[in-house]
Amino acid sequence: MSEIPAKATESEDPSDGARTESAGGGVDQTPPADAMWQSSPPGSIYDYIKVASFSIGPDGLVDQWSERAEQLFGIPAERAVGMDPIEAFIDPDLREQGQRKMAEILDGREWTGVVPFRLPARPDDAHTSRAERATRAGRTEQGLRGLRGLAEVYVMPTRTVEGERAAVCIVVDVRTLRSIETDLAASQAIFGQSPFGFLLIDTDLRIRRVNERFASLFGGAPDDHRGKGVHDYLPRAEAERVSAILRRVLHTGESITDMNVTGFVPGSDERRHWSVNLYRVHSGSGRPIGIAWLGLDVTARRAAAREAAAARRNLALLNEAGARIGNSLDLETTARELLDVVVPGFCDLATVDLYQGLLVGDETPPGLADGSAELRRVAFASAVSGAPFTATGEPVEVGAVHHYPFNSRCADALRTARPQIVPGEEGGLVQSTLAVPMVAHDTVVGLAQFARTKGSEPFGDRDRDLAVELAARAAVCIDNARLYRREHERALILQRSLLPPGDPEASGLDIACRYLPGNAATGRPSEVGGDWFDVIELPGHRTALVVGDVMGRGLRAAVAMGELRTAVRTLALLDLEPAEVLSQLDEIARGLGAPGGVQQATRAARRPREADLSEVYLATCIYAVYDSVTRRCTFANAGHLPPVLVEPGEQALMLDVPPGMPLGVGGEPFEEVTVELPEGALLALYTDGLVESRDHPLDEGLQAFVGALTDPNRPLEDVCDHVLNTLGSHHGEDDIALLMARVQGLPAESVGDWTLPREPRSVGRARELAREQLLAWDLEPLVDTTELLVSELVTNALRYGEGEIRLRLLLDRTLVCEVWDAGLVQPRRRRARDTDEGGRGLQLVGLLSAAWGSRRTPRGKTVWFELPLPDGDNPLTDPAEALLSLF
């Protein structure tokens with residue numbers, strides 16, 4: 001008997017073209033006649049259950065053995081034919097029962113049952129090791145792992161050609177059936193219980209089966225989705241992309257993991273996201289039969305991821321804002337720093353407007369309450385090349401002053417201090433604008449606008465909160481910069497008011513000076529320092545040159561500088577020696593930080609526990625007095641940098657002046673050094689800001705300064721500019737004070753100097769000498785006044801002074817008369833009574849002269865007066881009227 005042929009299976013065409021409609025309207029499952037006996041393609045159910053068959057002859061022995069039986073039992077046909085199946089496959093204790101069943105079958109009875117069996121040993125197994133037998137058995141298609149099995153057998157009685165009874169046996173391995181049951185249960189669990197959407201897609205990319213989860217999401221029963229494609233569920237572009245990927249998986253067998261698919265579900269406009277895994281499915285024979293689709297709805301996860309990404313982006317933006325905004329104390333720079341942070345990371349275009357009143361220093365500009373005050377646009381940034389900001393009206397240039405209409409949303413934002421969203425114009429570039437008031441310390445200082453172009457994500461609540469936070473941070477920095485600018489300007493005004501106005505003039509000196517506050521060249525506001533210089537005219541055509549530097553910065557340093565400068569001028573006018581001036585100035589500096597002045601500071605110094613209650617003011621200062629008659633200059637230094645002298649035809653050199661201790665330290669005397677300056681020599685005094693910076697140490701700066709003074713014969717103004725440019729003084733780190741003086745001594749013909757004996761006739765002789773000298777100088781209008789005043793001073797020297805008398809007349813920008821004697825008693829002016837015969841001489845000197853005074857000298861004192869030269873603008877006082885006014 002030959003092997004029973006398998007019935008042709010149903011065609012796997014997804015279009016079910018092989019099916020025909022029956023007369024009753026149902027589907028006729030009967031295949032066409034031409035397909036009845038054709039060979040079934042691989043992939044039928046028989047590939048999985050492995051059905052085997054063999055026949056038993058009338059003698060109860062195997063007479064036919066199929067190839068499937070050979071695969072199932074692992075016994076070739078030449079060996080199996082002629083075997084007794086009961087003896088060969090049944091255990092000895094079951095053989096008797098098996099013989100009875102065989103007899104019943106041969107008597108013509110059908111039988112179905114489960115039969116345990118064992119594989120008979122091969123003839124050569126006695127000479128084969130167990131490992132070899134196991135290996136041979138493992139090579140069978142079923143992968144047998146032992147010598148015993150369990151088979152489900154269906155026995156059908158037959159007759160031979162001679163009419164004798166025989167049987168045909170259909171055998172199925174029970175283990176394969178159990179495996180198929182398990183696989184079916186697992187498949188049912190996936191399709192019926194899986195929380196993921198599961199699809200089986202055939203080779204034509206049509207759905208063959210879906211599970212309940214997929215059907216519940218897209219509606220209908222699972223069978224309603226059979227035969228549909230991805231175009232029935234996804235937008236066209238997405239469906240084309242997914243179809244291409246499905247074809248690639250089907251063609252290459254390469255699995256796809258975590259593929260993102262975007263679409264919509266019926267009845268909802270919300271865009272959904274799925275994470276899809278794809279892999280190719282094969283039949284039992286290994287033929288690709290389709291694709292498995294396992295999808296998970298990750299819309300919520302994607303939304304959470306977007307929220308987390310937005311939160312991280314906002315946090316990063318805030319961190320960047322904290323690092324970049326407020327690094328400068330300049331209003332415009334701070335506004336630009338804000339825009340550098342938000343464009344393009346947060347928006348596409350942005351502007352910053354600040355109240356014009358606040359920028360010019362007003363505390364409460366008019367119209368601040370209703371948002372109608374003028375604003376100045378201080379910053380603009382755009383990620384769109386060449387695009388102006390027209391989101392809230394006409395474009396406004398940076399630096400322009402403008403205001404928003406009262407009913408506009410920007411004005412409303414300024415009034416209410418709440419952000420407003422301004423929709424973009426139809427056909428314009430901007431989609432929407434977020435107008436955010438800049439609030440600092442409960443005060444609106446301006447308006448920041450952030451705009452996004454069309455196609456960008458619209459502003460949400462999170463964006464609005466972020467914009468408010470960014471604007472608030474920038475507003476605080478801008479307000480701090482505004483307050484700092486105001487204080488800086490006030491301190492600078494104070495400092496400049498304490499410096500000499502215009503170009504100072506001095507007798508016998510050509511003066512040029514420069515003062516640069518910190519950061520003046522860089523344009524960045526900075527705290528003013530305590531640098532100062534001064535040129536003080538002293539009696540006798542002498543000049544005091546002062547340069548100092550209070551340690552520290554800000555208004556405190558500027559005020560201390562003003563106090564010290566005032567003290568220096570006061571002490572200088574007392575005509576004290578330079579060392580004594582610095583000693584007195586040191587005491588004053590020590591008293592600046594103590595509430596009770598110098599005495600309180602001294603007491604605090606004796607009590608260390610209370611010393612920290614007083615502020616410490618330290619300053620360096622160099623004080624020089626130049627005499628234009630002798631061209632001698634006396635220096636005293638309190639911790640300051642040495643002066644630089646350039647003699648004609650010589651290289652510049654630093655004068656060796658003992659530095660001394662800074663002012664405010666106390667306890668150390670100051671030394672004096674006197675230097676005779678040749679005609680045409682150049683003297684330079686300066687502060688450390690000129691020669692010291694972060695990039696240039698002090699020694700290098702000093703050498704560079706000395707090297708820059710190579711051509712002292714140039715005009716002093718040009719020399720100052722050359723020095724500043726050469727030394728790179730535009731670093732702006734510290735104040736710079738530079739004072740230069742070129743020596744132009746008083747000519748000998750402008751000096752009249754006589755010594756008179758101590759006798760009464762010297763008064764007349766002094767008048768004669770004065771008259772002759774004035775006539776020689778062509779100053780006849782001053783003769784009478786000068787004679788009268790010289791007579792008074794010489795008479796006082798005779799009456800109250802000691803030693804010989806010296807008379808000196810000096811002509812420069814004014815006429816100065818000096819009377820010297822060895823007496824130490826200083827003259828004191830008093831108001832004479834009507835009955836007094838004397839006491840009116842010094843009153844007369846004060847009435848007729850422009851200035852008068854007395855000073856100590858190493859050998860006594862000098863009494864002097866000064867008269868202006870006749871120029872026609874200032875009429876001289878009539879001596880007769882002055883005399884009458886005394887009575």
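Our subject in this report is the structure included herewith. This structure is a prediction, so every number in the text was calculated from the model and none was measured.

1. Here's the deal with the packing of aromatic side chains
Evaluation of the coordinates by the stated rule reveals eleven aromatic pairs. Ring geometry for Trp65 against Phe89: centres 6.1 Å apart, planes inclined by 0 degrees, an arrangement best described as stacked. On the criterion of sequence distance, the pair formed by Trp65 in strand β4 (residues 62-65) and Phe89 in helix α4 (residues 85-89) is long-range, its members being 24 residues apart. Looking at Trp65, the relative accessible area reads 9%, which means it is buried. Feature note: the residues Phe54, Trp65, Phe73 and Phe89 constitute an aromatic cluster, connected by ring pairs. Taking the ring centre of Phe406 as reference, the NZ or CZ of Arg415 above it sits at 4.2 Å. Taking the ring centre of Trp820 as reference, the NZ or CZ of Arg806 above it sits at 4.5 Å.

2. A few points about the environment of Arg490
Inspection of the secondary structure puts Arg490 in helix α14 (residues 461-498). Distance in space between the C-alpha atoms of Arg490 and Leu555 is 8.2 Å, their sequence separation being 65 residues.

3. Structural notes on a negative patch on the surface
Taken together, the side chains of Asp59, Asp63, Glu162 and Glu164 present a region of like negative charge at the surface. Residue classification places Glu162 among the exposed residues on the basis of a relative accessible area of 65%.

4. Remarks on the sheet that holds strand β21 (residues 542-553)
In spatial order, the strands read β20-β21-β22-β23-β26; together these five strands make up an open sheet with antiparallel pairing. Lying at the two open borders of the sheet, with one neighbouring strand each, are β20 (529-538) and β26 (672-676). Averaged over neighbouring strand pairs, the angle between their axes works out to 15 degrees when direction is ignored. Examined bridge by bridge, strand β22 (residues 619-627) and strand β23 (residues 632-638) share seven bridges and lie antiparallel to one another. Within the sheet, the bridge partner assigned to Asp627 lies in β23 and is Arg632.

5. Topic: the pattern of salt bridges
Proximity of charged atoms lets side chains of opposite charge pair with each other. Applying the stated criterion to the full structure yields 34 salt bridges. Here Arg813 ties to Glu537 by a salt bridge, and the two come within 2.5 Å at their closest N and O atoms. Of this pair, Arg813 sits in the loop between β30 (805-811) and β31 (814-821) while Glu537 sits in strand β20; the two residues are 276 residues apart in sequence, bridging distant segments of the chain. A salt bridge links Arg808 to Glu818, with the nearest nitrogen and oxygen atoms 2.7 Å apart. Taken together, the residues Arg808 in strand β30 and Glu818 in strand β31 connect sequence positions ten residues apart. Across the pair, Glu818 and Arg808 agree in class, each one buried. What you see here is one network of salt bridges that share partners, running through Arg542, Asp575, Arg808, Glu818 and Arg855.

What counts, and at which threshold
Residues numbered from 1 in each chain as written. Predicted model: local features only at pLDDT ≥ 70, side-chain atom pairs only at ≥ 80, totals over all residues. Heavy atoms only, no water. Phe/Tyr/Trp six-rings, centres within 6.5 Å; stacked < 30°, edge-to-face > 60°. Helix = DSSP H or I, 4+ residues; strand = E, 2+ residues; numbered from the N terminus. Buried < 20%, exposed > 50% of the residue type's maximum accessible area, 1.4 Å probe, protein only. Lys NZ or Arg CZ within 6 Å of the ring centre and 35° of its normal. Patch = residues over 30% accessible without salt bridge, like charges linked within 9 Å, V, L, I, M, F, W, Y side chains within 5 Å. Areas by Shrake-Rupley, 256 points an atom, 1.4 Å probe, with all protein chains shown as cover. Salt bridge = Lys/Arg side-chain N within 4 Å of Asp/Glu carboxyl O. Lys, Arg positive; Asp, Glu negative; His and termini not counted. Charge placed at Lys NZ, Arg CZ, Asp CG, Glu CD. Pairing = 2+ DSSP bridges. Axes fitted to C-alpha atoms, helices over the stretch in contact; angles between N-to-C directions.

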